[in-house]
Each structure stands twice: as C-alpha cells, then as structure tokens.
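# Understanding the architecture of this molecule
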Amino acid sequence: MQDANTRFPSIAKVLILRQFLWGAAFYGAYVLLTKYFLFELNYSEADTIMMMGAFGAVGPVFSAVGGFVADRYIGSFRAVYIGYTIYTIGFFLLGMGASTLNVPLSIFSIALIGYARGLSATSPTVLLGNSYSATNREAFQQGLTVNYSINNLGSFASKYLFPFLVAYLAYQGNFFISSFLMLITLMLFVTFRKQLAQVGNDIDRRSVSMKTWGYFVAGSALMLGLVFWIFSNLDEGKYLLYALGACAILYFIYEITKASAAYKYKMCGVLITIFIMIVFYFYYGQMLTSMNIYAINLMGDQILGFIPIRPESNAAFNPLWCFVLGGPMIYAYSWLENKGYSPTIPTKFAVAFIFSGIAFSLLGLSTSFVGENGKISADWILWVHFFQSMAELIVGALGAGFIFEMVPRYLSAFAIGLRSVALSLSGILAAVISTKIALPKGQELTPEIIEGVYASYFYNLAILAIVMAVVTLGLSKVIAKLINKGEELERLENASQTSPQS
C-alpha cells in the first residue's frame, strides 16, 4: 500500500472505525445479558454468573481455532467478513428470542455470537498490522493503542445508553440495534473489499477450493453445536472450555519445537507471558461476574450525586476510563522512552497487578459504607474501575502487538488467539470462583452477609494480586533473557545470510 509508512494508513482508519462499531454492538448487548438472564429468563445468580462467564470465554477460546483457520485455510479478511455476517444474524435472533422470552432461541443466538467472535476475533489485528509496512512498527504499536481506545469509546457509549433504552425499546429493541450496527460494519467491508483483502494473508488473495469450503462449513456446524451445548450444560461445559484452552496451548508448544532457534527462545517468552495473562485476566473476568452482581445488588443510581446511572451500566466505567486514560498512557510511555527506559510487557503486567490490588481493596472497603437506603455510592464503583482500567490499559493494548512481533508470520493469527485463550480460561475460572458470592433469589442483604460474603472475597483477591505482582517481576527477567537471546540469534542468522559467499 502506498501510505503504509504513514502514521495511520487509509485502510487502518477503516479498521479503527470498524472497531468502534463492533465495540458498540457487542458490548451494548453484553451489558444487558446479566439482567436479561437474571430477571427476564429467571436464571439464578449462580447460573447467571456461569452463563456470563461462559459467554465471555467461548469466543476467546475458539479464537485460537478461528486464527488457525484464517492462517491456513480461508484468510484473515474472509474470517472477519464471515464472522461479522454471523454476528449480524446472531444479534437479530437474540432480539427475536427476547421478544418472546424464548430460552432455547436466546441460547442459540448467543452461541452464534460466540462462534462469530471465535472465528473473527484475531484477524482484525492481523489486518491492522499488515496495513503498516515492516519498517513502520512503532506507528503500528501506536495504531493498536488508538484502536483500543476507539473500541472503548464505542463500548462506553453503548454500555451507558443501552440500559436506559430498555425502558423505551425493551431488550429486543437494543439487540436489534446491535444487529444494525454490525450490518453497517459489513457494508464497510463490502465497500473496501479489495483494499482489505490486500492487507490480509496470502490466502485472501487467491481462491479457496470447494473442498476447503466444505470442510469449513462442516467444522463450523460442529463448533456451533459445541458452543450451544456449553451454554445449555454449563456445569459440564466449563470442562470442555478448559480442555480446548489446554489444547491450544499444547499446539503452540508443538510449534515451538518446529520453529527456528531464534523463534524458539522468543516463543518460550510468549508462552510464559500467556500464563501471566491468564492470572491477570482473571481480574478482568471479575468485572463481568462478581463485580457486576455486586453492583446490581448494592450500587446506587447516581454518580457524583447528580449523574443518573443504571446498576448494570457500571461496566461502562471501564471503557470510559480506558478511553480517557489512553492518551496520557501513550504520553507516559513516550516520556519513559525519552528517559531511556522501556519496560517490558511482563514488567507492565507486574505494575498492572498492583493497580488491580488497589482496585479490589477499594471494592472490599466499599462494603463498610452501605447507606440507609441499603446501597453504596456509585462513586465507589467508579473509582474501583479507575484503578482496574489503569491495570488493563497498561497491558491490554500492547499484549497482542507483543505476540505479533514474537512469532513467525504463518502463526500470527493463531498466536494472537492465544491471548484470547488466556482471556477465556481466566474468564471461565473467574465465573466458577465468583459463584461463591452468588446468593439465593430473594435473599435479604444484611450487614453480616455483605461483610462475610462480599468483603472477604474482594480482600482475598486484592492480596492475591499483590503476590502476583512480585512473582511477575521475577518472571519478567526470565522472559527478557529469552527474548534477548532469540533476537541475538536472529541477528546472527541475518548476518550469515547477507554476508558474501566465499
């Protein structure tokens, strides 16, 4: 592409707009699902937590499979195009299910959405990365951060507004809006089809055989069936998610054994980072499970005493802070680089764990400030999300870019999917553990229950986060040595290839 060396290539701008639309569509529907299952479909708190954990985990764990399919069989552009078509259908059917309170149709709809997320999640990063030239990687990292911030802007807008719109449009109306937003995204992909295919992989630029398409359709039907079974059988389904995540990691280990000496070291560094990510994203999973249930049960309906807020909209605080803090975070990184210090990704995770520890300490402390109306101020949740968002923003925008740079290009989509596998495994683990604070329907929230159930749980998470900060600092030195060794071998290999033949 002619502008691949600019700060924002033209096709990168299209992909960033796509990110805004996707964030608004997906997270707008997502924020409503907890109360939809809890009150409209009459699920228990424990089953609702597990459903949200499974919904958050299914897409990421299957994204490694989706990345593999994109890398080897259909191409990154086609994976996104097909996935977004299925998103559009899934949100529309979810609206149909909500209009009649049809449980099987609702479950099938979120299974479609989970499948679509798994197929298409990793490929946009590949498309964005390929829209920049090989010599313009610093701009690519900045583009990733902007892309992440724009995603959070769309997420915040829909997470805040959709719960208010329920009063006027009901749940089905909001789900139809999500479907319409995805339809607009599809129109973008049709309009810029040629340019997007050019920044895909080699398969995107050639035809795919009917035999391959046949296998793809059969595999998709199998995957969709598995996802539907997981949502319909949550107790057993979590073990399947564990197994799928383990298989993805084992396959990556197998690829390490086949890689060149330089990539072996760098990929081992990625593998250790993946395990750190699993623990870190366990805290991210708490925002959608235990924190969400806590807020729905106890959060007040005003921020700063005058801004209206729905309890389920507490999730909007996270993308709000991520969007607001995105620019200052870029400035902070630039300032550190100018001072000659560029912290590694694992070091950033260690700092992020400290912020998570502060966040959950505040959450535990908030239980001591229940007002006469039986609610805590929404300001507590606002500031909890501030620190947790700081933690997420430190690593969230750059984790995918780090992996993209550390693996061979033929593994790029699959390897980026490993980050999503970490998100998936930690999400389902977060849901399983969060069921410990699930209360029976109609349970009165006495001070004893609030203290014994919520406070102790959140304080224990805070302690674990600080312990992990120390462990991660130690591992960061191991990862840095592996990467440095890999880069040294890569320089030697390149030098031997370019030296004149004797």
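Analysis parameters
- Once a new chain begins, its residue numbering starts again from 1 and follows that chain's sequence as written.
- Totals for whole chains, interfaces and linings use all residues, but because this is a predicted model, local features are given only for residues with pLDDT of at least 70 and pairs of side-chain atoms are given and counted only at 80 or more.
- Computation of side-chain values covers all heavy atoms of the structure but excludes hydrogens and water.
- Where helices and strands are cited, they refer to DSSP runs of H or I of at least four residues and of E of at least two residues respectively, numbered from the N terminus.
- In this description the radius of gyration comes from C-alpha coordinates, and the expected globular size is given by 2.2 Å times residues to the power 0.38.
- Exposed residues in this analysis have more than 50% of their type's maximum accessible area, buried residues have under 20%, and partly exposed residues fall in between, with area computed by a 1.4 Å probe over protein chains only.
- Any two residues having at least one pair of non-hydrogen atoms within 4.5 Å are treated as being in contact.
- Under the convention used here, a 1.4 Å probe and the Shrake-Rupley method define accessible areas, while residue burial counts only the protein chains that appear.
- Counted as salt bridges are all cases of a side-chain nitrogen of Lys or Arg within 4 Å of a carboxyl oxygen of Asp or Glu.
- When two rings of Phe, Tyr or Trp (its six-membered ring) have centres within 6.5 Å they constitute a pair, described as stacked for plane angles under 30 degrees, edge-to-face for angles over 60, and tilted for the intermediate range.
- Charge-over-ring placement is defined geometrically: NZ (Lys) or CZ (Arg) within 6 Å of the ring centre, and within 35 degrees of the ring normal.
- Residues enter a nonpolar core if they are buried and are Ala, Val, Leu, Ile, Met, Phe, Trp, Tyr or Cys, with the set joined through side-chain atoms within 4.5 Å.
- Each helix should span, by expectation, one fewer than its residue count multiplied by 1.5 Å.
- Take the seven residues that end at a residue and the seven that start at it, fit an axis to each, and the angle between those axes is the bend at that residue.
- Only residues whose relative accessible area exceeds 30% and that form no salt bridge enter a patch; like-charged residues are grouped when within 9 Å of one another, and nonpolar side chains (Val, Leu, Ile, Met, Phe, Trp, Tyr) when within 5 Å.
- Inter-axis angles, ranging from 0 to 180 degrees, are taken between N-to-C directions of lines fitted to C-alpha atoms, where helices are fitted over the stretch in contact.
- Any angle from 65 to 115 degrees is called roughly perpendicular, while one under 35 is roughly parallel, one over 145 is roughly antiparallel, and all others are oblique.
- By convention, the crossing between two helices is left-handed when the near helix turns anticlockwise from the far helix through less than a right angle, and right-handed when the turn is clockwise.
- The nonpolar class holds Ala, Val, Leu, Ile, Met, Phe, Trp, Tyr, Cys and Pro. Asp, Glu, Lys and Arg form the charged class, and all remaining residues, Gly among them, are polar.
- For the purpose of counting charges, residues Lys and Arg are taken to be positive, whereas Asp and Glu are taken to be negative. His and the chain ends are not included.
- For this analysis, a polar contact is any N or O atom pair within 3.5 Å, provided that within protein one partner can donate a hydrogen and the other can accept it, and provided that sequence-adjacent residues contribute only side-chain to side-chain pairs.
- Confidence of the predictor in every single residue is expressed as pLDDT, which spans 0 to 100.

Below, the discussion takes up the overall build of the protein chain. Within the protein chain, the regular secondary structure consists of 17 helices and two strands. On C-alpha atoms alone, the protein chain measures out to a radius of gyration of 22 Å, which is about the 23 Å that the 2.2 N^0.38 rule sets for 502 residues. Judged by the C-alpha coordinates and their principal axes, the protein chain covers about 85 × 50 × 40 Å. The buried share of the protein chain, reckoned over its 502 residues, is 58%. Long-range contacts, defined here as pairs at least 24 residues apart, represent 82% of the contacts in the protein chain between residues at least 6 apart. Counting only carbon and sulfur atoms, one obtains 65% of the accessible surface of the protein chain, whose full area is about 20,300 Å².

Let us now look at unusual backbone geometry. Phi is positive for asparagine 42, which is not a glycine, with a value near 65°. If you trace the backbone, asparagine 42 turns up in the loop between helix 1 (10–40) and helix 2 (45–74). Its identity as a non-glycine residue notwithstanding, leucine 101 has a phi of 55°, on the positive side.

Once that is clear, we can look at the pattern of salt bridges. The tally for this structure, following the rule as stated, stands at three salt bridges. Ionic pairing is found between arginine 72 and glutamate 255, a salt bridge with its closest N-O pair at 3.6 Å. Here glutamate 255 lies in helix 9 (residues 234–258) and arginine 72 lies in helix 2, a separation of 183 residues in the sequence. According to the relative accessible area criterion, arginine 72 is partly exposed, its value standing at 36%. The class of glutamate 255 is buried, set by a relative accessible area of 1%. A salt bridge links aspartate 202 to arginine 205; the nearest nitrogen and oxygen atoms lie 2.9 Å apart.

This structure, assessed with the given rule, holds 47 aromatic pairs. Pairing phenylalanine 282 with tyrosine 283 gives two aromatic rings, centres 5.5 Å apart and planes at 85°, and the pair type is edge-to-face. Here phenylalanine 282 falls in the buried class, since its relative accessible area comes to 6%. A ring pair is formed by tyrosine 294 and tyrosine 454, whose centres lie 4.9 Å apart and whose planes are at 65°; its orientation type is edge-to-face. With tyrosine 294 in helix 11 (residues 290–298) and tyrosine 454 in helix 17 (residues 447–498), this pair connects stretches of sequence that are 160 residues apart. Across this residue pair, the class does not change: tyrosine 294 and tyrosine 454 are buried. A connected cluster of aromatic rings, assembled from ring pairs, spans Trp22, Phe26, Tyr27, Tyr30, Phe55, Phe77, Tyr81, Tyr84, Tyr87, Phe91, Phe189 and Phe231. Taking NZ or CZ as reference, arginine 193 lies 5.5 Å from the ring centre of tyrosine 81, over its face.

This paragraph deals with the nonpolar core. Counting 164 residues, the largest nonpolar core has Leu33, Phe231 and Phe252 as its most contacted members. No other element matches helix 1, which puts 17 residues into this core. When near neighbours in sequence (up to four residues on either side) are disregarded, phenylalanine 252 contacts Met267, Val270, Leu271, Val407, Phe414, Ala415 and Leu418.

For the rest of this paragraph, the subject is helix 1. With 31 residues, helix 1 extends 44 Å between its outermost C-alpha atoms, agreeing within 8% with the 45 Å of an ideal straight helix rising 1.5 Å per residue. Where helix 1 bends most, at leucine 33, the angle is about 35°. Counting buried positions along helix 1 gives 24 out of 31 residues, so the element sits mostly inside the fold. The first or second residue beyond helix 1 is asparagine 42, which carries a positive phi of 65°.

This paragraph deals with a nonpolar patch on the surface. A contiguous nonpolar surface patch, about 330 Å² in accessible area, is contributed by Ile463, Leu464, Val467 and Val471. Its relative accessible area of 46% is what places valine 467 among the partly exposed residues.

Summarising the element assignment, threonine 88 is placed in helix 3 (residues 76–100). Residues threonine 88 and leucine 181, spaced 93 residues apart in sequence, show a C-alpha to C-alpha distance of 8.1 Å. Residues in contact with threonine 88, not counting those within four places in the same chain, are Ser179, Met182, Leu183 and Leu186.

Turning our eyes to something else, we now look at the side chain of asparagine 318. Within the secondary structure, asparagine 318 is located in helix 12 (residues 317–338). Beyond its immediate sequence surroundings of up to four residues, asparagine 318 is in contact with Tyr284, Met287, His385, Ser389 and Glu392.

What follows covers the packing of helix 4 (residues 103–120) against helix 8 (residues 210–232). In the contact formed by helix 4 and helix 8, the axes pass within 9 Å of each other and the chain directions differ by 130°. As judged from the angle between their axes, helix 4 and helix 8 are oblique. In terms of crossing hand, the pair formed by helix 4 and helix 8 is right-handed. Side by side, helix 4 and helix 8 meet where Pro104, Ile107, Phe108, Ile110, Ala111, Leu112, Tyr115 and Leu119 of the first sit next to Phe216, Ser220, Met223, Leu224, Val227, Phe228, Phe231 and Ser232 of the second. Here the contact of helix 4 with helix 8 is built from residues that sort into 14 nonpolar, two polar and no charged.

Below, the discussion takes up the side chain of arginine 78. Relative to the elements of secondary structure, arginine 78 occurs in helix 3. One buried charged residue, arginine 78, forms no salt bridge at all, with the nearest opposite charge on aspartate 204 at 4.1 Å. Reaching out from arginine 78, the side chain makes a polar contact with the backbone oxygen of isoleucine 203 at a distance of 2.9 Å.

Since the α-helix packs 3.6 residues into each turn, any two residues three or four apart lie on the same face. With 25 residues, helix 9 extends 37 Å from end C-alpha to end C-alpha; this agrees with the ideal 36 Å at 1.5 Å per step. For helix 9, the set of buried residues is Leu234, Gly237, Lys238, Leu241, Gly245, Ala248, Ile249, Phe252, Glu255 and Ile256.

This paragraph deals with the confidence of the model for the protein chain. The predicted model of the protein chain has a mean per-residue pLDDT of 84, with 95% of residues at 70 or higher. Ranking the helices and strands of the protein chain by mean pLDDT puts helix 3 first, with 93, and helix 15 (residues 399–406) last, with 71.

A word on the environment of glycine 95. Along the chain, the position of glycine 95 falls in helix 3. On a C-alpha basis, the gap between glycine 95 and proline 124 in space is 26 Å, while along the polypeptide they are 29 residues apart. Apart from residues lying up to four places away in sequence, glycine 95 is in contact with Gln172, Phe175 and Phe176.

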